[in-house]
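# Fold and contact review
Here's the letter readout for the chains.
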Amino acid sequence: MPATLDEFKGQLIRPDDPEYDAARVVWNGMADKRPALIARCSGVDDVVAAIRFAREQDLLVAVRGGGHSVAGFSTCDGGVVVDLSHMRRLTVDPERGNARAEGGAHLSQLDHHAQSFGLACPVGVVGHTGVAGLTLGGGMGRLQRKFGFTIDNLLSVDLVTADGRLLHVSNEENPYLFFGVRGAGANFGVATSLDFRLHPQGTTIVQGWVAVPLERSREVGGLVREFLASAPDDVFVNISFGLATDPPFPSNLAGMPVMLVGATHSGAPEHAVRDLMPLRSGMEWSADTFGPKLFLAVQGMNDEAMSWGHRFYMKSGFINELSDDVVEACAAHAADGPVGGECSVSLWAMGGAISRVPDDATAFTGRQAGWWASAEAMWDDSALDSPHIAWARSAMGALEPFTTVGQYVNDAVESDVGSVRTIYGNDKYDRLVALKRRYDPDNVFRMNQNIRP
């Protein structure tokens, strides 16, 4: 293996480079790291060269696709960042209904390219998130009840492994590794390209939300439970508990702790009124924001609020049902967030297509749960780190008695063995350890929710 990068065709950025400070920035403002080298790759050969160089020099390796890692795993101190941000090519084959994305592509690219042919892949809810990082951890979003997680639509991955090999990984080639890639993929290599199955998806959908006073949360929780028991897969429901701080909240709720109930109907708009009626007719919709909207507009609606540079921390888990006790535990933390930031407890409905994939088909664990729950805090002043982190831990701690096996990998900020075992459960963790020993026995790829070999 070469000890230099003389044949590297991309851009090498070192601490004395004028671009260094801009190049080392990642999405989460808490991840303020200073790598020894940022290897901005132009193609697969550069990725191979960067990994081999890092191993030869015994340097820590971090992989940056979209740079959106919640835990800040997209960068490191003193090591090499394998930066794929210039590898963003994305193509759609409408005849086959497939898309191919390079490792640095963003979700917004996949959404826009697919929609130009009336197609979609289920992905996340923030457009500037990287396709590869989201996918390798699972990929939750608004279309998950209709089409499953992103990994359920992943056809294959081209993966550069720790020894510099380029492997094509799918159900047909390296199928055991394909199991691990779908939910624990960051542990096994650098995804330089990914192929996805696309689905017909109309350009117009129906989406909106309503805010209700917190004292009605138990009543509304019961209504949501009843509604989801018979709701079609076209309907995705999300709930949030927090303070009503921004328009279009009605004046009588401004500044008050509220429960938000949102829904996205991604089927035919003419069916939305019928399908959503059981939910909408059960509440007084004082701030009714429902209506037909462009699918792409809905997919991009969180992009500004989740812009780069804020400090962010979260905890999450899966719960079986939206019981009265769960609702009350969420409501109890809606008003006690620290000043200087934004704090909320959120729940996303699961079921539908998610639950029809066998649990042992992928490394992802938790797909049989009824809800994903999270406590999220965002702020800007580093002096406020401690109270916001403490709030998120406390809020999720109140929900822990209701959680079931598994955790969404892309939310996990702790990477000790015990925490990672909790993500996958003991049986899958042991299976993943065997894969890790085969493909990365030296744990080169450890800037992740790490499987120790």
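That block above? That's the structure.
Report follows, based on the coordinates. In this convention, every chain numbers its residues from 1, walking through the sequence in written order. Given that this is a predicted model, residues contribute local features only at a pLDDT of at least 70 and side-chain atom pairs are listed and counted only at 80 or more, while totals for whole chains, interfaces and linings are drawn from all residues. Where side-chain values are given, they derive from all heavy atoms of the structure, hydrogens and water being excluded.

### Section: the sheet that holds strand β2 (residues 37–40)
- Strands are treated as partners if at least two bridges between them are detected by DSSP. By the criteria applied, helices consist of DSSP H or I runs no shorter than four residues and strands consist of E runs no shorter than two, each listed in order from the N terminus. Spatially, four strands are ordered β1-β2-β4-β3 in an open sheet, and the strand pairing comes out mixed. In this open sheet, the two strands that pair with only one neighbour each are β1 (11–13) and β3 (61–64). Across the sheet, the mean angle separating the axes of adjacent strands is 20 degrees when strand polarity is ignored.
- Against the sheet, helix α2 (residues 44–56) contacts β2, β3 and β4 (80–83), and its axis sits at roughly 170 degrees relative to β4. Simply put, an axis is a line fit to the C-alpha atoms, just over the touching stretch for a helix, and the angle between two N-to-C directions goes from 0 to 180 degrees. Any two residues whose heavy atoms approach within 4.5 Å at even a single point are treated as in contact.

### Some points on the packing of aromatic side chains
- Each Phe, Tyr or Trp ring, with Trp reduced to its six-membered ring, pairs with another whose centre is within 6.5 Å; inter-plane angles below 30 degrees give stacked pairs, above 60 give edge-to-face pairs, and intermediate values give tilted ones. Throughout the structure, instances matching the rule amount to six aromatic pairs.
- Aromatic side chains Phe 149 and Phe 364 sit 4.6 Å apart centroid to centroid with 40 degrees between the ring planes, which places their arrangement in the tilted category. Linking Phe 149 in the loop between α5 (144–147) and β8 (154–160) with Phe 364 in the loop between β17 (341–349) and β18 (371–379), this pair joins segments that are 215 residues apart in sequence.
- Aromatic side chains Phe 318 and Phe 364 sit 5.9 Å apart centroid to centroid with 55 degrees between the ring planes, which places their arrangement in the tilted category. In this pair, Phe 318 is assigned in strand β16 (residues 311–319) and Phe 364 in the loop between β17 and β18, connecting sequence segments 46 residues apart.
- Only protein chains enter the calculation, and the probe is 1.4 Å; a residue is then buried if its accessible area is under 20% of its type maximum, exposed if over 50%, and partly exposed in between. Judged by its relative accessible area of 0%, Phe 318 is buried.
- Counting every residue linked through ring pairs, the aromatic cluster contains Phe 149, Phe 318, Phe 364 and Tyr 408.

### A closer look at the pairing of strand β6 (residues 98–102)
- Two elements, strand β5 (residues 90–93) and β6, share four bridges in a ladder whose sense is antiparallel. Paired with Val 92 across the bridge in β6 is Ala 99.
- Relative to strand β10 (residues 190–197), β6 is paired through five bridges, and the arrangement is antiparallel. Note on β10: the bridge partner recorded for Ala 99 is Phe 196.

### Overview of unusual backbone geometry
- One non-glycine residue, Asp 58, lies in the positive phi region at around 55 degrees.
- By secondary structure assignment, the location of Asp 58 is in the loop between α2 and β3.
- Positive phi, normally seen in glycine, also occurs at Asn 443, with a value near 55 degrees.
- With respect to the helices, strands and loops of the structure, Asn 443 is situated in the segment after α13 (426–439).

### Looking at the pattern of salt bridges
- Take a side-chain nitrogen of Lys or Arg and a carboxyl oxygen of Asp or Glu: if they are within 4 Å of each other, that pair is a salt bridge. One pass over the full model with this rule turns up 24 salt bridges.
- Taking the shortest distance from any N to any O, the salt bridge between Arg 24 and Asp 32 comes out at 2.6 Å.
- Using a relative accessible area of 14% as the deciding quantity, one classes Arg 24 as buried.
- Note that Arg 40 is salt-bridged to Asp 83, the shortest N-O span being 3.4 Å.

### Here's the deal with the side chain of Arg 142
- Along the chain, Arg 142 falls in the loop between α4 (131–137) and α5.
- Polar contact is defined as a pair of N or O atoms within 3.5 Å, subject to the rule that within protein one atom must be able to donate a hydrogen and the other to accept it, and that residues adjacent in sequence are counted only when both atoms are side-chain atoms. Within the local environment of Arg 142, its side chain forms a polar contact with the backbone oxygen of Val 298, the two atoms lying 3.4 Å apart.
- Among the polar contacts made by the side chain of Arg 142, one reaches the side chain of Gln 299 at a distance of 2.8 Å.
- The residues touching Arg 142, leaving out its near neighbours within four places in the chain, are Val 123, Val 125, Phe 236, Thr 264, Val 298, Gln 299, Met 301 and Asn 302.

### Details of the environment of Asp 411
- Structurally, the position occupied by Asp 411 is in the loop between α11 (385–399) and α12 (417–424).
- On the basis of relative accessibility, which here comes to 5%, the residue Asp 411 falls in the buried class.
- Placed 97 residues apart in sequence, Asp 411 and Met 314 show a C-alpha to C-alpha distance of 6.8 Å.
- Non-local contacts of Asp 411, meaning those with residues more than four positions away in its chain, are made with Val 70, Met 314, Ser 316 and Trp 372.

### Side note on the sheet that holds strand β14 (residues 257–265)
- Ordered by their spatial adjacency, seven strands build an open sheet running β15-β12-β14-β13-β17-β18-β16, and the pairing between neighbours is antiparallel. With partners counted over all chains shown, the strands left at the sheet margins are β15 (291–294) and β16, one partner each. The average undirected angle you get between the axes of adjacent strands in this sheet is 25 degrees.

### Considering helix α7 (residues 217–228)
- For α7, which comprises twelve residues, the first-to-last C-alpha distance of 16 Å matches the rise-based estimate of 16 Å (1.5 Å per residue) to within 8%.
- Considered for burial, the residues of α7 that qualify are Ser 217, Val 220, Gly 221, Leu 223, Val 224, Phe 227 and Leu 228. Buried residues in α7, looked at end-on, bunch into an arc of 160 degrees, giving them a common side. Take the number of residues in a helix, subtract one, and multiply by 1.5 Å to get its expected span. Picture the helix axis, draw a direction to every C-beta atom, and the arc is the one those directions span.

### Here's the deal with the nonpolar core
- In terms of nonpolar packing, the biggest core is built from 109 residues, with Val 224, Val 237, Phe 241, Leu 347, Trp 371 and Tyr 424 touching the most fellow members.
- A total of seven residues in this core trace back to one element, the largest contributor, which is β18.
- Phe 241 has contacts with Leu 214, Ser 217, Val 258, Met 259, Val 327, Cys 330, Ala 331, Ala 334, Cys 343, Ser 344, Val 345 and Leu 347, leaving out every residue within four places of it along the chain.
- By size, the runner-up hydrophobic cluster in this structure holds 21 residues, among which are Cys 41, Phe 53, Val 160 and Ala 162. Definition used in this section: a nonpolar core is a set of buried Ala, Val, Leu, Ile, Met, Phe, Trp, Tyr and Cys residues joined via side-chain atoms within 4.5 Å.

### Section: the pairing of β17
- The buried fraction of β17 amounts to seven of the nine residues, a majority that puts the element mostly inside the structure.
- Judged from the nine bridges that link them, β17 and β18 form a sheet pairing that is antiparallel. Among the inter-strand pairings, Ser 346 is bridged to a residue of β18, identified as Ser 374.

Don't take any of this as a statement about function, it's just geometry.
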